[in-house]
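# Geometric and topological summary
Below, each chain spelled out in residue letters.
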Amino acid sequence: FTKTVAKGLPFKAIDIVKSFSKKEISDFAKFLESPYLNSNKNLVKLFSGLKKYYPSFENIKLTKQTVFRSVYPGKPYDDRKLRKLFSDLYKETERFMVLSAAEKNKFVYNKLLLEELDSRKLDNLFIPKMEQYNAYLDDTYYNTDNLHYDYFLEKHLAEWKNVMFHLERGLQQKITHNIYKRTEYIIFYFLSDFFLSYQDNLSNKSRFNTKIDVDLGNEFLKNVNIPALFEFILKHDFEGKKALNAYYLAFLAFRHSENEKYYYEFKKYIIEHIDKFNEGTKRMVVINLINYCVRKKRTLKERWIRMELNDNYRMYIKHRLYRLSGENYFRSDLFLNIISNYFEIGKINEAEEFLSRNIDVIQPSHRKNIKALCSSLIEFEKGNFGLSLRESSRIKTNTYMYKYHIKYLNLKNHYELRNYDIGKEAANSFRKYVNNDEHMTDILRTKTNDFLEYYNILWKYHEDRPKTEVIEETISSLKENSPIPEALWLLKKLEELKISHNKKPRY
């Protein structure tokens, strides 16, 4: 039962309770004790017996029989009853989370309250509450004339509620202006989200080879004159048009990615206005700058695009845009991408400084592993391959994201150290892992297997010492197959082999 409970099987309520903070544990206990919110006193006893094992719920004393006795002392164990109790507890944990979230989220709270006031025909309360809600939306989102796109949706829904309230009471003359604003807000929201969706679709297509039989987004672009529409929008005094224009410029940069002038126009606009944008818009537009460079560098080998990416990462860090959901933590995958970018532009010392300055903003549960992985990557770039292997051995985790970083890194280290037998064995093991990985997409599995093919070719060329022409053909083949994982490293090693084979006579 210890392992069963720890894994949340068959008791899903345990998974939810494990996620509670200490304050939420206390609040949930009070929630269960309230006769208005919960009439099942057995759930109070059940939770009282369980919470002493918080937060891990892993203890040799935690058994089905122990939990059952905490609710039904002196009675014979009944598995059916215990399962029913946990099922009821699960429903209460869900209700507790929803009520807690509604109380914290003023948008949800106010919308529910307005619906109740409207349905109860409390018109004298609805109208001032509606005015308060609109003022709250403006205060929450408004920052000079730059608004986050969520604002447009919330204002559209608020205007719709206001319109329906007056229509039902035969007061259409009072909402003529509201109808225009409702239309304006939904168009602004649609355009903002459409531009973001367009970029997401491009990303999915390039990364996962996504295809769709009916592409409504592309059809929309063919039939709507977006430039003319934006010329009209920018001529008039619409609130939020500067934020919307930022999304539009990002859209143009991605749509015309072959022409860098659109990217530079977008970036110039962001630099000029970023201090006026609210946090949500700042984050979105800077991530767009980053994503543009990430996509572009897959096809370009020039140093400038990697320098641009580095510059955009610095903007992201400067404005602390890694803060999400009220937390100050860096996403681990983005942290690793920034470290890798330093390597690409040859700034190993800056990578070390970045790691030292920012490791404390990685989530505590990932901090040790991220530090060990980044240290291992840095030592590899310095040419300290044995030390890199030792650092990677410090990583103790089953987190999916780290596994591939570690496997690629260790294979490269073994190659550099000429650990032929270990490297070949690790490559074979990696291939089996990749082919059995249910979470991996087909296109990424193919690319990973391509890496392993070229990796084995490196070892083969060490032994066979082929002619320069053969190595050049392999280099051309690799360039045509790119992007594949670690393509730059593979190319570098092949070039080194070509030079060394030219210098030494073949026997």
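Residues numbered from 1 in each chain as written. Predicted model: local features only at pLDDT ≥ 70, side-chain atom pairs only at ≥ 80, totals over all residues. Heavy atoms only, no water.

## Brief notes about helix 4 (residues 41-50)
Burial in helix 4 covers these residues: Leu43, Leu46, Phe47, Gly49 and Leu50. One side of helix 4 carries all its buried residues, which in axial view fall inside an arc of 160 degrees. Measuring from the backbone nitrogen of Asn42 back to the side-chain oxygen at the start of helix 4 gives 3.0 Å, which picks out Asn40 as the cap. (Buried < 20%, exposed > 50% of the residue type's maximum accessible area, 1.4 Å probe, protein only. Helix = DSSP H or I, 4+ residues; strand = E, 2+ residues; numbered from the N terminus. Arc of directions from axis to C-beta. Polar contact = N/O pair within 3.5 Å; in protein donor to acceptor, adjacent residues only side chain to side chain.)

## So, the pattern of salt bridges
Close approach of charged atoms allows side chains with opposite charge to pair. Scanning all chains against the criterion turns up 34 salt bridges. The salt bridge involving Glu115 is made with Lys161; its shortest N-O contact spans 3.7 Å. Here Lys161 lies in helix 9 (residues 149-167) and Glu115 lies in helix 7 (residues 106-119), a separation of 46 residues in the sequence. Owing to a relative accessible area of 44%, Glu115 belongs among the partly exposed residues under this scheme. Relative accessible area serves as the criterion here: at 18%, Lys161 is assigned to the buried category. Here Glu352 and Lys382 are joined by a salt bridge, their closest N and O atoms 3.0 Å apart. A residue pair is termed long-range when its members are at least 10 positions apart, and Glu352 in helix 18 (residues 348-358) and Lys382 in helix 19 (residues 364-382) qualify at 30 residues. Overall, Lys382 belongs to the partly exposed group, its relative accessible area being 39%. (Salt bridge = Lys/Arg side-chain N within 4 Å of Asp/Glu carboxyl O.)

## Notes on helix 18
Taken together, the buried positions of helix 18 are Ala351, Phe354, Leu355 and Asn358. Buried residues in helix 18, looked at end-on, bunch into an arc of 100 degrees, giving them a common side. The exposed set on the far side of helix 18, more than 90 degrees from its buried face, consists of Asn349, Ser356 and Arg357. The elements touched by buried residues of helix 18 are helix 16 (303-318), helix 17 (332-344) and helix 19. (Contact = heavy atoms within 4.5 Å.)

## Details of the nonpolar core
Membership of the largest hydrophobic core comes to 100 residues, with the highest contact counts inside it found for Phe195, Ile270, Phe330 and Phe335. The greatest single-element share of this core, amounting to eleven residues, is contributed by helix 13 (residues 241-255). If near-sequence neighbours (up to four positions away) are discounted, Phe335 is found in contact with Phe330, Phe354, Leu355, Asn358, Ile359, Ile362, Ile370 and Cys374. Formed by 27 residues, the second largest nonpolar core is a distinct cluster that contains Leu50, Val71, Leu82 and Leu85. (Core = buried A, V, L, I, M, F, W, Y, C linked by side-chain atoms within 4.5 Å.)

## A few points about the packing of helix 4 against helix 6 (residues 79-104)
Contact geometry for helix 4 and helix 6: axes closest at 10 Å, N-to-C directions at 90 degrees. Put simply, helix 4 runs roughly perpendicular to helix 6. When helix 4 is examined against helix 6, the residues Asn42, Leu43, Leu46 and Leu50 are found in contact with a partner set consisting of Leu85, Phe86, Asp88, Leu89 and Glu92. When the residues that make up the contact of helix 4 with helix 6 are grouped by side-chain class, the tally is six nonpolar, one polar and two charged. (Axes fitted to C-alpha atoms, helices over the stretch in contact; angles between N-to-C directions. Parallel < 35°, antiparallel > 145°, perpendicular 65-115°, else oblique. Nonpolar A, V, L, I, M, F, W, Y, C, P; charged D, E, K, R; others polar.)

## Some remarks on the side chain of Lys498
Take Lys498: it is sitting in helix 25 (residues 487-503). Using a relative accessible area of 17% as the deciding quantity, one classes Lys498 as buried.

## A short note on the packing of aromatic side chains
The description of an aromatic ring pair uses the distance of the two centres, along with the angle that the planes make with each other. Under the counting rule described, the total for this entry stands at 48 aromatic pairs. Between Phe20 and Phe28, the ring centres sit 5.7 Å apart and the planes meet at 65 degrees, which makes this aromatic pair edge-to-face. Relative to Phe230, the ring of Phe195 lies with its centre 5.7 Å away and its plane at 45 degrees, an arrangement referred to as tilted. Separated by 35 residues along the polypeptide, Phe195 in helix 10 (residues 176-208) and Phe230 in helix 12 (residues 226-235) bring together distant segments of the chain. Comparing Phe195 with Phe230 shows no difference in burial state: the two are buried. (Phe/Tyr/Trp six-rings, centres within 6.5 Å; stacked < 30°, edge-to-face > 60°.)

## Notes on the confidence of the model for the protein
Close inspection of predicted coordinates is inappropriate for parts of the model with low pLDDT. With 94% of its residues at a pLDDT of at least 70, the protein reaches an overall mean of 87. Here helix 1 (residues 2-6) is the element of the protein with the lowest mean pLDDT, 40, and helix 14 (residues 260-273) is the one with the highest, 96. Note on residues 1-10: pLDDT under 50 across the span, and 23 contacts to partners over four residues away in sequence or across chains. (pLDDT = per-residue confidence, 0-100.)

## So, the environment of Glu184
Turning to its location among the elements, Glu184 is positioned in helix 10. In this structure the C-alpha to C-alpha distance between Glu184 and Lys45, which are 139 residues apart in sequence, comes to 54 Å. Residues in contact with Glu184, not counting those within four places in the same chain, are Phe238 and Glu239. Within the structure, Glu184 has its side chain in polar contact with the side chain of Lys181 (distance 3.1 Å).

## Looking at the packing of helix 16 against helix 17
Axis separation between helix 16 and helix 17 bottoms out at 10 Å; the angle between their running directions is 140 degrees. In terms of orientation, helix 16 and helix 17 fall into the oblique class. Crossing of helix 16 against helix 17: the hand is left-handed. Of the residues in helix 17, those in contact with Arg306, Leu309, Asn310, Tyr313, Tyr316 and Ile317 of helix 16 are Leu334, Asn337, Ile338, Asn341, Tyr342 and Glu344. (Left-handed = near helix turned anticlockwise from the far one by under 90°.)

## Section: a positive patch on the surface
Where like charges cluster on the molecular surface, the positive patch consists of Lys41, Lys45, Lys75, Arg80 and Lys81. Secondary structure elements with two or more residues in the positive patch: helix 4 and helix 6. Along the chain, the position of Lys45 falls in helix 4. Classification of Lys45 as partly exposed rests on a relative accessible area of 41%. (Patch = residues over 30% accessible without salt bridge, like charges linked within 9 Å, V, L, I, M, F, W, Y side chains within 5 Å. Areas by Shrake-Rupley, 256 points an atom, 1.4 Å probe, with all protein chains shown as cover. Lys, Arg positive; Asp, Glu negative; His and termini not counted. Charge placed at Lys NZ, Arg CZ, Asp CG, Glu CD.)

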